[in-house]
Amino acid sequence: MRYLSPFFILLIVLTGFSCKQRNKTEKNSNLTEPCKTNTEQLQTNPYDTFSYTAYNDIACFIAGNQLHNKESFLSSYFDNKHWKNYATQFSSNWNTYNNSVISVIQQWSNEHLVYGDTIFYPFSGPDYNYLNAFFPEANYAVLIGLESAGSIPEPDTVTTDSLANYLDAIHNSIYFNLKVSYFRTKSMKNELNSVSLNGTIPMIMLFLNRHGKEILNIHPVEIDGLGNIINTAPDLEFVHDFHKEFDNGVVFTYRDTTDSTIKKLVYFSMDLSNTGLKDGNLKLVENVSKNNTVFLKAASYLCFQNMFTTVKSAILNNASQIITDPSGMPYMNLRDTWDVTLHGEYSGPIALFSGRKQDELRHDIDSLKPARLPFKFGYHPVHWCMIVANRK
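Colleague: Give me the overall build of the protein chain: which residues, what numbers.
Modeller: Helix and strand content of the protein chain: ten helices and ten strands. Burial status across the protein chain gives 47% buried among its 392 residues. Within the protein chain, residue pairs in contact and separated by at least 24 positions form 72% of the contacts whose partners lie at least 6 positions apart.

Colleague: Report on unusual backbone geometry, specifying residues and quantitative values.
Modeller: With a phi close to 60°, Phe-123 is a non-glycine residue in the positive phi region. As for its placement among the helices and strands, Phe-123 is situated in the loop between strand 1 (118-122) and helix 4 (128-134). Judged by its relative accessible area of 16%, Phe-123 is buried. Its identity as a non-glycine residue notwithstanding, Asn-291 has a phi of 60°, on the positive side. Here Asn-291 is to be found in the loop between helix 8 (279-289) and strand 7 (293-296).

Colleague: Go over the sheet that holds strand 1, please, and point to the residues and values.
Modeller: Taken in spatial order, the ten strands make up an open sheet running 4-3-5-6-2-1-7-8-10-9, and their pairing is mixed. Looking at the sheet topology across the chains shown, the edges are occupied by strand 4 (229-231) and strand 9 (338-344). Strand-to-strand twist across the sheet, computed as the mean angle between neighbouring axes with direction ignored, equals 25°. Two elements, strand 2 (residues 140-145) and strand 6 (residues 263-269), share six bridges in a ladder whose sense is parallel. Directly across from Val-142, in strand 6, lies its bridge partner Val-266. The strands that helix 7 (residues 201-210) touches are strand 3 (213-223), strand 5 (249-256) and strand 6; relative to strand 5, the one it contacts most, it runs at about 10°.

Conventions adopted
- Residues numbered from 1 in each chain as written.
- Predicted model: local features only at pLDDT ≥ 70, side-chain atom pairs only at ≥ 80, totals over all residues.
- Heavy atoms only, no water.
- Helix = DSSP H or I, 4+ residues; strand = E, 2+ residues; numbered from the N terminus.
- Buried < 20%, exposed > 50% of the residue type's maximum accessible area, 1.4 Å probe, protein only.
- Contact = heavy atoms within 4.5 Å.
- Pairing = 2+ DSSP bridges.
- Axes fitted to C-alpha atoms, helices over the stretch in contact; angles between N-to-C directions.

In structure tokens form, the structure reads like this:
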């Protein structure tokens, strides 16, 4: 019979003690992972090895940014004079806009907002632009609008003769948004459902690219009966082919070009009225609102209407934080039951929504006299107001 050396016995005892101490600590911090041995393998993130540049190449093309991948199937298009003219004009307009609006919002947000890792942005359309300006540190976001998800653009199918018109369509699709800070639902029905630019996917790709993001993947998603977001055709998630079919949902997987943190943005085309918000769709809204930040901007006062009481209740009952302009969530639903901070000025709604005056909001703004917001927020051309409500 062979005897164990005293040193080996001591090593076994110390190892067992270490595991017990670790499990005890983890139990106290609500962690249940067992003590690992050094033979266990770390799970590899598939995006550490997945490399497919077509999504970025297309995003660079429609965003007017220079192509870094010289082997791209689109290389010749970046030498076209129409694209070069478009890139010069778009870059000039974007730089002006970025310096005067986006940078100002990001600085203000960094000084005044504390938010969670997940942002739910209903009635958003493809507005990743303001989402990232206000919440650059968030890693997960769900956007919902009436506009279709659409499809990934195929610029390689555009003839040389029609390229100028194609690029003009892109510029026109976002011009109004950059000017007034929100999308117009009626105009988007035409602009985002053309042959050249179909749905919200192209606009989100453009904004991701202009905000310095590397698009790793774009894939269709759907909602199950429990409100979970699941991949459509999961076997095709990592194929090297951007010709995918999208129904109502899409997920963008991306990261900052200066950071390895992988982030996700989900967009769903969905009717949020009481008629459309049922079953899995309602569960989704409850799930993504639960203990998270809900962002509402230029929301057409829909949560003031009897037709949208379901989504309104789902947000109020589940969110830990609501950040809204006066058109998003009624101030009276937040004033007395939430911890509310007011920013900016309020002089009432624009003429289109003249029946949506909020006297209590005006009274409190006039009494508190908070500092003016240094950026456009909501519908009003001059007086911009933000309501930040945290659950008590």
